[in-house]
Amino acid sequence: MNKLLLHSLSLVLLSASVALAEDKVPLQTKLPDPLFVGTPVPINLPNLEPQLKKWPEFMVPAGTVNLAKGKKVTASDSDPVVGTLDLVTDGDKAGDEGSWVELGKGKQWVQIDLEKAANISAVVVWHFHSQARAYRDVVVQVSDDPTFSKDVTTIFDNSASGKDRPYIETYLGKLMDAKGVKGRYVRLYSSGNTTNLMNHYIEVEVFGKPAA
Amino acid sequence: MKNEEGRNSVGEVGVQTGSPASFVHRWLIFFAIALLALAIRLPQLGGRPMHTDESVNAFLTGKLLAGEGFYYDPQDRHGPGLFVLAEPLVKLLGTKSFSELTETQLRLTPVIVGSATILLLGAGVELFGFTACIVAALLFACAPLPVYYSRYFIQETLFVAATLGLILAGGRMLKTHSVPAAALTGGCAALMLACKETAVIHFFALGVALLAGRIGAPDARPATADAGQKPAGPKTDIPIRKPIFIAAGVFIFTTALLFTWFGRNWQVFAELCRAIPRFAARAAGEGHQKPFGYYFHLLDPLLILSLVAAAGVYAAICDAFSHIRKPGLQLVIYGVVVALIYSAIPYKTPWLALNLWLPLALLCGFGVAALWDLIKNPTGRWGVAIAGGALLATLSAQTKELVFDKPADEKNPYAYAHTSEDLLNLPLRLGELARQHNLSNPRIAVVAADAWPLPWYLRSFSQVGYWQPDQVAGEANFFITTTDVSGKLAERLKDYRPDFFGARPNVLLVLWSPPRTNATAETPPPKPQP
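Predicted, not measured: the structure shown is a model, and the values here were computed from it.

Participant: Please clarify how the overall build of chain B should be interpreted in this entry.
Facilitator: When you go through chain B residue by residue, the secondary structure sums to 21 helices and 5 strands. The buried share among the 530 residues of chain B stands at 49%. Contacts in chain B between residues far apart in sequence, at least 24 positions, make up 77% of those at least 6 positions apart.

Set out below in structure tokens:
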């Protein structure tokens, strides 16, 4: 009797898994060519983000697309030092001169208006990948409020108060799990980097589906 | 190039030195340019982060302040030349220990030496002519390359000053057989060797230039004879052997005095011998390989100076073939030989370009003097003056950008493997963390194959230990590692919080801080200082 119950339970779980799996597909994005000149920085410490060798396998609901492509970008620095804000969502991740925007010194943010509320599965950001550098206090938030004064969900935070770990930029970008959070605006903070005090964005992709 | 009055084409224009008044005028002009050079070099001396090489030199200065002698390290160091000047200067400024040293105090030595080089050019008027020296002085005062490295606590600026001293004193010795000039010649050569082992390249190049000059223009008259300038002095009956022996004696004595650090370390000669294969291996590149034309791009990216210098080369050759001026041709030969040798050696760093700046600046001076002589009408001369002014303004604008606005920027060609500005935050962050953890005297363990320039930036912390990655690091409150440390240390650090800091382009360090306990977490932050 118990054996029959166990088999039935296993069958139910397997069916549920298959059903769930049918809704999920691996997240795909077009990666830029690596730009590292010289020896890549090896990462062998347990408390650091491991340096990825390839694009990570990350499952998202079928029909998920990059909602940020071509969308309007605003920023705390309305007059960037280098480049223009539209570079953040123009689809060019090459990472060479002309493909990134540089915001001023210290804490700065960029914000993407998805135009409609969406269920967001993941955010992928490329700050700068032509050399080994880490950006400080990277925080990514989602909200329906364009001023981010209410209903803010933090999906990534490696500042001193956050639980996420610092990481080194590579051509693979940084994939952040948004866990399907609903919101129209995505805001990304940083506070300079390990080379200088400036803040850079090559590209930001926001993967999700328009909210029902 | 010979003009109508039969004068040489370089050096006759400007203040004549035949009378006491003109002598005073000449020196007033060179003092004014030296003051200008000093004024350009002094601002924001401490603003740029300390390069690794500067931090090594700072550490050695700190050891001297602590009463230790200078011990030559054949592996990766240079001679004691820089420290002979730097140690007394920082003492004069009241500094007693390594931890009290500042970037400004240390960089004052090359700043003063770089400005004093202008005065040496003033002393070179008899040899090279007034116009050539004044143009070279202005280029040294304003151009980005000499200004940048005159604010860099490394040996190059002193080396170039000593090279110019050797050329001037040697020229005078050969012309007048003067004993003081011979002693100065030996002293300058010893100072060059005590600065950098590459002095042998310059000795060779000067030897070639001297021989070629003797072969090429045996009857050449002294430059001053046709320049309307006061002759340097009559030749004496003293045979040339005597000053040469004196110069050699002073060279040997001074070299021994400096390298043994005034008699404290007689092992140094064996170390110097051991350095020869080491430097031969280094010449192959060791990661610093650059193409043949690397220095030319650094010296003259706009190719304007090269054109002016080419006119100077032409004028010097014409003068030599007219049996007027030997020093011009010899300078050309010296410059060409040095440039070829430095360019042929795969190992290249941008500060080595300063060695080529000296002949380039003087050859530009020859070129301007030749143009000035060629163009007789006032309008044309105004044109030359305006073009010269525009060139100086362009160089000054480059100096502002490269020396003051973006001194450590990766795109700055002089900021080579430079320490990132981000590293300046590391000691501040350590101090902040120490306060948060209620640690008045934190223990810091640095585990890295190459820890420089951390000893400089951690000099205010009294308990800092340094380990290689394969060694077992001691107990510490905070750890600083490279990103490739593994094994037992990785296990020890698994609960620590990492913070990245940029040391140099593509070189990151990780500061590991322990998790804060409730007690330490509740410690209020320090009140801001008024």
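Participant: Looking at this model, I keep getting lost on the domain arrangement of chain B. Mind explaining?
Facilitator: By a frequent convention, interface size equals the accessible area lost on bringing the separate parts together. Residue and element names in this part refer to chain B. We note that the domain assignment places domain 1 (20-226 + 238-405) and domain 2 (421-521) within chain B. For domain 1 and domain 2, the distance between their C-alpha centres works out to 40 Å. At the interface, 9 residues of domain 1 touch 9 residues of domain 2.

Participant: Before we go on, may I ask you to explain the nonpolar core in this structure?
Facilitator: As a rule of thumb, nonpolar side chains are buried together in soluble globular proteins. All names here are of chain B. By size, the foremost hydrophobic cluster in this structure holds 196 residues, and its most contacted members are Ala136, Ala137 and Cys364. Broken down by element, this core gets its largest block of residues, 15 residues, from helix H16 (residues 354-374). Per-domain counts for this core show at least three residues from each of domain 1 (20-226 + 238-405) and domain 2 (421-521).

Participant: Explain the packing of helix H8 (residues 156-176) of chain B against H16 of chain B here, please?
Facilitator: Packed helices, taken two at a time, are described by the angle between their axes plus the distance between the axes. All names here are of chain B. Contact pair H8 / H16: the axes reach a minimum separation of 9 Å and the direction vectors enclose 40 degrees. Taken together, the axis directions place H8 and H16 in an arrangement best described as oblique. Our pair here, H8 against H16, has a crossing hand that is right-handed. Between H8 and H16, the residues in contact are Glu156, Thr157, Val160, Thr163 and Leu164 and Leu354, Asn355 and Leu358, respectively. Its residues placed into classes, the contact of H8 with H16 shows 4 nonpolar, 3 polar and 1 charged.

Participant: Explain the sheet that holds strand S3 (residues 478-482) of chain B to me, please; I cannot follow it from the model alone.
Facilitator: Note on sheets: strands pair through backbone hydrogen bonds, and any given pair is parallel or antiparallel. Residues and elements named next belong to chain B. Spatially, S2-S1-S3-S5-S4 is the arrangement adopted by the 5 strands of the open sheet, whose pairing is mixed. Each edge of the open sheet carries a strand with a single partner, namely strand S2 (463-467) and strand S4 (497-504). Neighbouring strand axes in the sheet, compared pairwise and without regard to direction, differ in orientation by 20 degrees on average. As paired elements, S3 and strand S5 (residues 507-513) share 4 bridges and run antiparallel to each other. Within S5, the position partnered with phenylalanine 479 by the bridge is tryptophan 512. Contacts from helix H18 (residues 425-436) reach strand S1 (443-447), S3, S4 and S5 within the one sheet, and its direction differs from that of S5 by about 5 degrees.

Participant: Looking at this structure, I do not really get the pairing of strand S9 (residues 174-191) of chain A. What am I missing?
Facilitator: On a regular strand, one side chain projects to one face of the sheet and the next to the other, so that they alternate. Residue and element names in this part refer to chain A. Where strand S6 (residues 107-126) and S9 come together, 14 bridges link them in antiparallel fashion. Across the sheet, the residue bridging to asparagine 119 is lysine 182, located in S9. With 5 bridges joining them, strand S7 (residues 139-143) and S9 adopt antiparallel strand pairing. Bridge pairing in S9 places serine 143 opposite tyrosine 185.

Participant: It is not clear to me how the environment of glycine 186 of chain B should be interpreted in this structure. Could you clarify?
Facilitator: All names here are of chain B. Looking at where glycine 186 falls in the secondary structure, it is placed in helix H9 (residues 179-195). Under the C-beta neighbour-count criterion, glycine 186 is labelled buried, with 27 such atoms within 10 Å. Glycine 186 sits 66 residues away from isoleucine 252 along the chain, and the two C-alpha atoms are 7.9 Å apart.

Participant: Is there a simple way to think about unusual backbone geometry in this case?
Facilitator: Backbone geometry follows two general trends: most residues other than glycine have a negative phi, and most peptide bonds adopt the trans configuration. Note that the residue after tryptophan 452 of chain B, namely proline 453 of chain B, is joined by a cis bond; omega there is 5 degrees. Residues other than glycine seldom take positive phi values, yet lysine 179 of chain A does so here, at roughly 55 degrees. Along the chain, lysine 179 of chain A falls in strand S9. A count of 11 C-beta atoms within 10 Å places lysine 179 of chain A in the exposed class.

Participant: Just checking my understanding: could you explain the confidence of the model for chain B for this structure?
Facilitator: If pLDDT is low for a region, its predicted coordinates should not be looked at in detail. All names here are of chain B. Averaged over every residue, the pLDDT of chain B is 87; residues scoring 70 or more account for 88%. Below a pLDDT of 50 lies the segment residues 2-7, which in the model reaches 9 contacts outside its immediate sequence neighbourhood of four places, other chains included. Low confidence marks residues 217-234, where pLDDT is under 50. Its contacts with residues over four positions away, or in another chain, come to 51 contacts. Here the predicted complex scores 0.83 on pTM and 0.72 on ipTM.

The rules we used
- Residues numbered from 1 in each chain as written.
- Chains lettered and ligands numbered in written order.
- Predicted model: local features only at pLDDT ≥ 70, side-chain atom pairs only at ≥ 80, totals over all residues.
- Helix = DSSP H or I, 4+ residues; strand = E, 2+ residues; numbered from the N terminus.
- Buried ≥ 20, exposed ≤ 12 C-beta atoms within 10 Å, placed from the backbone.
- Contact = placed C-beta atoms within 7 Å.
- Domains from an automatic or database assignment.
- Core = buried A, V, L, I, M, F, W, Y, C linked by C-beta atoms within 7 Å.
- Axes fitted to C-alpha atoms, helices over the stretch in contact; angles between N-to-C directions.
- Parallel < 35°, antiparallel > 145°, perpendicular 65-115°, else oblique.
- Left-handed = near helix turned anticlockwise from the far one by under 90°.
- Nonpolar A, V, L, I, M, F, W, Y, C, P; charged D, E, K, R; others polar.
- Pairing = 2+ DSSP bridges.
- pLDDT = per-residue confidence, 0-100.

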